[in-house]
Every structure is written in C-alpha cells, then in structure tokens.
Amino acid sequence: MGNFVKVLSDRACVVAADSTWMEDAALAQLLSTAQLEGMQRVAGMPDLHPGRGNPVGAAFFSKDILYPTLVGNDIGCGMALWQTDLLASAVRLDKLDKRVGNIDGPLEDLELRDQAAQAQGVLPGEHLAALGTIGGGNHFAEFQQVDTVYVEQAVSDLGLSPRHLLLLVHSGSRGLGERILRRHVEAFGHRGLSVGTDAAVAYLDEHEAALRFARCNRGLVAQRLLNNVRARGECVLDVHHNFVAAASVGGQQGWLHRKGATPSDQGAVMIPGSRGDYSYLVRSRRLCHDTLLSLAHGAGRKWIRSACKDRLFKLTTPSQMGRTALGSRVICNDRQLIYEEAPQAYKGIDSVVQALVGAGLIELLARLKPVLTYKTRGECCE
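The rules behind these values
Residues numbered from 1 in each chain as written. Predicted model: local features only at pLDDT ≥ 70, side-chain atom pairs only at ≥ 80, totals over all residues. Heavy atoms only, no water. Helix = DSSP H or I, 4+ residues; strand = E, 2+ residues; numbered from the N terminus. Rg over C-alpha atoms; globule rule 2.2 N^0.38 Å. Buried < 20%, exposed > 50% of the residue type's maximum accessible area, 1.4 Å probe, protein only. Contact = heavy atoms within 4.5 Å. Areas by Shrake-Rupley, 256 points an atom, 1.4 Å probe, with all protein chains shown as cover. Lys, Arg positive; Asp, Glu negative; His and termini not counted. Charge placed at Lys NZ, Arg CZ, Asp CG, Glu CD. Pairing = 2+ DSSP bridges. Axes fitted to C-alpha atoms, helices over the stretch in contact; angles between N-to-C directions. Left-handed = near helix turned anticlockwise from the far one by under 90°. Nonpolar A, V, L, I, M, F, W, Y, C, P; charged D, E, K, R; others polar. Parallel < 35°, antiparallel > 145°, perpendicular 65-115°, else oblique. Polar contact = N/O pair within 3.5 Å; in protein donor to acceptor, adjacent residues only side chain to side chain. Phe/Tyr/Trp six-rings, centres within 6.5 Å; stacked < 30°, edge-to-face > 60°. Lys NZ or Arg CZ within 6 Å of the ring centre and 35° of its normal.

Draft legend 1. Geometry of the overall build of the protein. When its secondary structure is counted, the protein shows eleven helices and 18 strands. Against the 2.2 N^0.38 benchmark of 21 Å for 382 residues, the protein shows a C-alpha radius of gyration of 20 Å, consistent with a compact globule. Burial analysis of the protein (382 residues in total) assigns 55% to the buried set. Across the protein, every contact between residues at least 6 apart in sequence was considered, and the portion connecting residues at least 24 apart equals 79%. Taken as a whole, the protein presents about 16000 Å² of accessible surface, with 48% of it coming from carbon and sulfur. Within the protein, the 40 negative side-chain charges are centred at a point lying 4 Å from the centre of the 42 positive side-chain charges.

Draft legend 2. Molecular detail of the pairing of strand S11 (residues 242-249). Pairing of S11 with strand S12 (residues 252-259), which is carried by eight bridges, proceeds in the antiparallel orientation. Within S12, the residue paired with Asn242 across the bridge is Lys259.

Draft legend 3. Local environment of the packing of helix H4 (residues 110-120) against helix H7 (residues 198-228). Here H4 crosses H7 at 145°, and the two axes come no closer than 9 Å. Considering only the axes of H4 and H7, their crossing is right-handed. Within the contact between the two elements, H4 uses Leu112, Arg113, Ala116, Ala117 and Gln120 and H7 uses Arg212, Arg215, Cys216, Leu220, Gln223 and Asn227. Considered class by class, the residues forming the contact of H4 with H7 number five nonpolar, three polar and three charged.

Draft legend 4. Layout of the environment of Ser32. Counting through the fold element by element, Ser32 comes out in helix H1 (residues 24-33). Residue Ser32 is classed as partly exposed on the basis of its relative accessible area, which comes to 38%. Placed 169 residues apart in sequence, Ser32 and Val201 show a C-alpha to C-alpha distance of 26 Å.

Draft legend 5. Geometry of the packing of helix H6 (residues 175-188) against H7. Running from N to C, H6 and H7 point in directions that differ by 165°, and their axes come no closer than 9 Å. Looking at the two axes, H6 sits roughly antiparallel to H7. Two packed elements cross with a definite hand, and for H6 against H7 that hand is left-handed. Contacts between H6 and H7 involve Leu176, Ile180, Arg183 and Phe188 on the former and, on the latter, Ala199, Tyr203, Glu206, Ala209, Ala210 and Phe213. Of the residues assigned to the contact of H6 with H7, the class counts are eight nonpolar, no polar and two charged.

Draft legend 6. Layout of the side chain of Ser62. Residue position: Ser62 is located in strand S4 (residues 56-62). Within polar-contact distance, the side chain of Ser62 engages the backbone oxygen of Ile65 at 2.4 Å. Residues in contact with Ser62, not counting those within four places in the same chain, are Gly38, Met39, Gln40, Gly254, Trp255 and His257.

Draft legend 7. Spotlight on the packing of aromatic side chains. Scanning all chains against the criterion turns up zero aromatic pairs. In this arrangement the basic side chain of Lys302 is found over the ring face of Trp21, its NZ or CZ atom lying 4.6 Å from the centre.

Draft legend 8. Fine view of the sheet that holds S12. The strand order across the open sheet built from six strands is S1-S2-S3-S4-S12-S11, with neighbouring strands paired in mixed fashion. At either margin of the open sheet sits one strand with a lone partner, and together these are strand S1 (5-7) and S11. Across the sheet, the mean angle separating the axes of adjacent strands is 20° when strand polarity is ignored. Those strands touched by H1 are strand S2 (12-15), strand S3 (39-49) and S4, and its axis lies near 165° from that of S3. Seen against the sheet, helix H11 (residues 349-358) touches S2 and S3 and runs at an angle of roughly 135° to S3.

Taken by themselves, the reported measurements are silent on function.
Structure, rendered in structure tokens:
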C-alpha cells in the first residue's frame, strides 16, 4: 500500500496520495466519527470531503450500534451502468439532445412504473410518484463512450461494446430516504440504535425498502431515457454507495456503513468524475479490511456549493458551461445548479483513481468519456 493509506489514529485511516486534495474539515469529521460509541474503525476514500456533520466519501464499521445519520438521507444512492445499442460513431449531439427530452416530471407510463416497482419489491405509497426521476444535487444520467480499454477480457465479460454508447445513472431513493432519516432524527437525534432493538429493526426494514426503491429508480431513469432516444439497453452493473449492512471486518462481526463509498466486494464498479471529466470502470485487486472493503464513489467536492457561483459567474455563463473541454454537452437549465456542479468544484478524477491504484486496491478496466449529461431541463436564463 506504500504511502497511500495514511493512518490518522488507531481507528482511522484515509486513502490518499501526497498530492490528493484533502480538506482539514473532512479529516476532522472522519476522526470525530471514530469516537462514536461502538465504532471500531473508519476509513476515508480519496474523494473524502466534508458533509453535514459527517464526512462524505467514507466507510464506518461499528459493533452493536448502527448509525442512520452515517448513511444519510439518500439511502441507496448508487451507480447503474447500461450498455445501449446506440452506435457511438453515429451520434449527433444536437439530435441526441433533442431526443433526450425532459424527464424532470413524474413518469407518465404508470404501467411501466408499477411493473418495475412490483419486480423490485417496492411497496405502494405516495413516494411512487418520484420513481423514474433523477433528483438534484450531484445526481445525473450520462451517455458515455469507451475512450480507453485497459483489460479487454474483463470489458468483454461484462458485455460492454466499445462501439456503442453506455448510459450511467447516478441517483438514489429521492424523498423516501430523506423521510426515513427525518423520522429517525426527530425521535433519536443523532444517536445510534442498539442492534436488535425495535427501533433498529424498524430502521433496517425502512432502509431495505429504500434500497429497493433506489435500484428501481435508476432502472426507470435509464428506461425513460432509452425510450426517448429510441434505443435499447441492458444493465451490466448496479451498486449502492449509501447504505449499512451486517459485515465481517478483520474477523469481527459488526455493521459497515458507507456514505459515498463504493463496495470493493461486488465486482466491477464505476467511479465517475465531474461532468467535464472522464469516468473509470474498475475492479478490486484485493479485499482490504483496513480500508473497510470500500473504494471511492466519485471525484469528491473541492468547493462548497454556496461558493461556486461567486467564483465562476464572472468567468463563464451557464450557456458556456453546457459545453465541456472534452466536447460533451451538459443539460442543466438551472443557473444555480450548473455552477454548483461545475467541473472546477470537484477533484480531478485521475487524482482519486490513482490514489486507489497506488494503494493496490483497484485495477483499471476502461476509461469512459462523457457524451451528453442530463441533470435537469428546469428553467434557466442566460
């Protein structure tokens, strides 16, 4: 692991190169979680950044107590990758942009929605109206093309075709996860729940429902977009990065929480960059218990959202930000959000991925280049 896994305390470490952007506030939050009751070990990933009280881009392993606040309000947020039948060489951005249309509103095909919900075990309820929508913040759906293949056999085994576009969907449980966390905080504050108590059992039941909802949501987002652009697709991977699960770490049984941390024990996974950067398809080289069987989930923020517009609005317009240095297009007709999600606000994806490579945690399988990113068709002015 060389110098890429840095020990912060007897319970905390972070995966980072010497050059990795790492805020003191994020490290302080990571260390504070290590002091929680029952906490055995915490591990920050190279995309670690400060969150609302707890860091994002980290994993936390506790015994006898689980912490809903360490999972956060977007239970089940994750990445799903679809292989499409759209030939990359035949794509015309103007045409693709137009065909993508608008998927901000509720899914109109209720039969499709209800069939997908039933297949995933999603229970009927008012939150069904949110199924098939991306949500705000850093969520997105992105058509991508394979830029570089590093391990041809692995890419082939996944069923990926470098000649065709891929579709990556990053979304979660929408308002459902938020309501679950709010109920917990109203009842218990930020305290943990003793495993086996009625409160812990109730939370885990709701948590599992949110995981099912999130997976169903990603599938419906992909299906809406594929239908709009008159294409077919097949899901090749779907992995949560916000959840808690029973786990064995270092021979000890406990509860592994992930907040913006991708599991390293579920096969190939995607680590996307910002909307103006590459994404990487990777697989674990070994199961590392020191880093809690986890990997980065993306590039990680450098700037807080409230600072982005002030830093950028004199340098570039929302319209200009709809075109990236890689030649891709970003659909984000929300003036505030397009500044908040600017590539400059994120760490470079290569710095994140290379820290994981340097630590001996991953092998690169392929690099993917953005073609068209969908965030929102909401109103915007120039």
